Amino acid sequence: MPKLFDVNFPGECKTLPEGFWSAVDVWIKKPHVVNKRLCGTKETESKDVGDEALLFLLDDPELLREVLSFITNKVPPAQGHATESPWSSTVRTVIPKVNSYGTTLHKEVVLKDLGRQLVTFLPFEEDSEGRVSLKRGNIYQLQLLHRDCEGWALELHALAPDEWLSDGVVYPKLPWLAADLLPKLARWATECKTSEFKSTLSLLPVEKYSVVYQQLKEKYKALVKIWPEVTDPDKFVYEDVAIATYLLVLWAEERAEKGLSSRQSFVDLGCGNGLLVHILAGEGHPGRGIDVRKRKIWDMYGPQTLLEEKAITPSERFLFPGADWLIGNHSDELTPWIPVIAARSSYSCRYFVLPCCFFDFYAKYQRRQCKKSQYKEYINFIAEVSQVSGFNTEEDCLRIPSTKRVCLVGKSRNYEPSDDAEAERRRARYIQSRRAAAPVFPGGGCHGNKGADGDPVGSWGAGFRPRERVEAVRNCAALPRDFVDGVVLQVANVLLGMAEDGGAASTGWNQGGSLSVSQVAGLLVQETLRRLKKECGGLQTLLKNNHQVFRVEGGRVHIRDWRDRKASGADGKRRPAVPGAVKTRPCWFYDHHPQRCPLQAKHCAFAHGPDDLRPSTRPLKKMRKDAF
């Protein structure tokens, strides 16, 4: 049987042949990681079979002999195996992202020949009445071979390559299998990495998720064009569509399992832009969202989307006995509290949480284990909180455009309702132990036993610090202009005063020397450093914000030379100044450098003197209120 394509492995590859089967399993179970037009697969249980298992596809004796000859590489099964069941077989249903095939199902019989390091894929289609038809031209095979002189190689074979039919989705082209699939299988086989987390959508039927996601994506895609927030609409809209899809399918499965007729109610704690609430409510689930700060987009949703601007402090005032589910989508400091609040709201209350930033009950989460990633350790901590709170906790991984994709779900309790008092004592002891170990917040947290609105919050929320209602700007942008200008001038003068030998003579313009950020900090008085320390990024952020004057690379600070296109950042993303362009900011070098600006006024993006300064005439963006 001639090979179509092959990939050679490095000479010393110690992961083979075990790594080959690990890579094949990825392709079988998660083909969507390579073929982006697929949503996933649904797989039957693996079992050992013989050629009789293929009779439902191969009812023609001549076709049966041809396919068996291909599968066994022209070696009769009796000679190649000592057993009557030579293959480990499973049937997978391939699920496309966009279903353009109607009720026809695309399936494959997958036959693993463990002895000969060979796996064969026999695709077939099944209609709504259960009739099957083999796609003979698309039968292919992957085989791992060990060549004495050349080492290991991975080969691709096809039964009838001249008859191969491709639709670009379920049936990819043969060159794609060679150029994309084979190299990835080879890489996976040599890496043999095991993920810290479960596969995506492990708690849901993938085929239902795919259908609902495409419906919601089409329904809410217009939001990308009219998104009024400063955040990236492509990320946030489609991320919330995917999270909403997950919850809708999860809840539909729960209704079917428990025989429920009414849709589940919910409360989204720390709802942010409120889009998740808007989608869930629009799909028929009664609920509301609460966040400490109102967003611009809230006014665009309409009265059917219930959103409240309120600071949430864990207490008796913020229990939700009427809600079926509590949601924490990137809920930051509320994340560890959500399982607790759900447990204390009612015995039937469930929760869904998608952790992002690392918070403990009363402070930032402190890492304790170096053998795990910080993210995995934090997920384990929230799972521990959930278990102590009384939930049977399940973990899953979402398909969202984010590195923080692992969610935790508490659908049932690990104790009976009659044991609720003991469960509450266990929760209280655990929270108290975390509080005792937590560092003290500067300023005393949320001022003793008072909530953000000044009301008593009860003992179990005392010490919790909710975020401020007004988001503080801490990127040095809110510092007084004269303070920033003073620091910039002080640092620039020191750099200009330490010009290296030939620095000014060789170029005719003083480019100054360079200092490390720590050396620059040594130039400043303690009061200035204390003020900068309160800002995110401190001194380095201030220097980078003043991009016109400084270039910060590799931890060192330089004077920026705008004649050097690479040093000035005038690449594909930052175009050079266009003659006649509006100049809204003065040129620092023209005003402060001993030799003034190295560029002529017509080539400089900044104004050379008051006469060159022109205010911007660009109109402010107007928000479309009729967008919905």
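Treat the numbers as computed from the prediction; the structure is a model and nothing was measured.

1. Concerning the sheet that holds strand 12 (residues 306-309)
So, point 1. Strands sit in the order 12-11-10-13-14-16-15 across an open sheet of seven strands; the sheet is mixed. Looking at strand neighbours, the two that pair on one side only are strand 12 and strand 15 (391-397), the edges of this open sheet. Going from strand to strand, the sheet's axes swing by 20° on average, the running direction of each strand aside.
So, point 2. Sheet analysis places strand 11 (residues 287-291) next to strand 12, joined by four bridges and oriented parallel. Within strand 12, the position partnered with glycine 289 by the bridge is leucine 307.

2. Describing helix 12 (residues 481-497)
So, point 1. The first and last C-alpha atoms of helix 12 sit 24 Å apart over 17 residues, in line with the 24 Å expected at 1.5 Å per residue.
So, point 2. Of all the positions in helix 12, only Phe483, Val484, Val487, Val488, Val491, Ala492, Leu495 and Leu496 are classed as buried.

3. Details of the nonpolar core
So, point 1. Counting residues in hydrophobic clusters, the biggest one holds 44 residues, and the most contacted among them are Tyr246, Leu280 and Phe352.
So, point 2. Broken down by secondary-structure element, the contributors of at least two residues to this core are helix 5 (206-220), helix 6 (233-258), helix 7 (275-282), helix 8 (298-301), strand 13 (325-329), strand 14 (350-354) and strand 16 (406-413).
So, point 3. Among the elements that make up this core, the one with the highest residue count is helix 6 (eleven residues).
So, point 4. Leucine 280 has contacts with Ala244, Leu247, Leu248, Trp251, Phe266, His285 and Ile327, leaving out every residue within four places of it along the chain.
So, point 5. One finds Phe320, Leu326, Phe359 and Tyr430 within the second-largest nonpolar core, a separate group that totals 39 residues.

4. A few points about empty space enclosed by the protein
So, point 1. In the structure shown here, the tally under the stated rule is one cavity of 30 Å³ or more.
So, point 2. Taken as a whole, the largest cavity encloses approximately 110 Å³ of empty space.
So, point 3. Residue classes in the lining of the largest cavity are distributed as eleven nonpolar, two polar and two charged.

5. Brief notes about helix 1 (residues 18-29)
Along an α-helix, a turn takes 3.6 residues, which lines up residues three or four apart on a common side.
So, point 1. Relative to the 16 Å expected for twelve residues at 1.5 Å per residue, helix 1 spans 17 Å between its end C-alpha atoms, a close match to the ideal helical length.
So, point 2. Those residues of helix 1 that fall on the buried side of the exposure criterion are Gly19, Phe20, Trp21, Ala23, Val24, Trp27 and Ile28.

Thresholds, definitions, all that
- Residues numbered from 1 in each chain as written.
- Predicted model: local features only at pLDDT ≥ 70, side-chain atom pairs only at ≥ 80, totals over all residues.
- Heavy atoms only, no water.
- Pairing = 2+ DSSP bridges.
- Helix = DSSP H or I, 4+ residues; strand = E, 2+ residues; numbered from the N terminus.
- Axes fitted to C-alpha atoms, helices over the stretch in contact; angles between N-to-C directions.
- Expected span 1.5 Å × (residues − 1).
- Buried < 20%, exposed > 50% of the residue type's maximum accessible area, 1.4 Å probe, protein only.
- Core = buried A, V, L, I, M, F, W, Y, C linked by side-chain atoms within 4.5 Å.
- Contact = heavy atoms within 4.5 Å.
- 1 Å grid on protein atoms, 1.4 Å probe; cavity = no way out; pocket = protein on both sides within 12 Å on 5 of 7 lines; lining within 4 Å.
- Points joined across faces, edges and corners; volume = space filled by probe spheres on them.
- Nonpolar A, V, L, I, M, F, W, Y, C, P; charged D, E, K, R; others polar.

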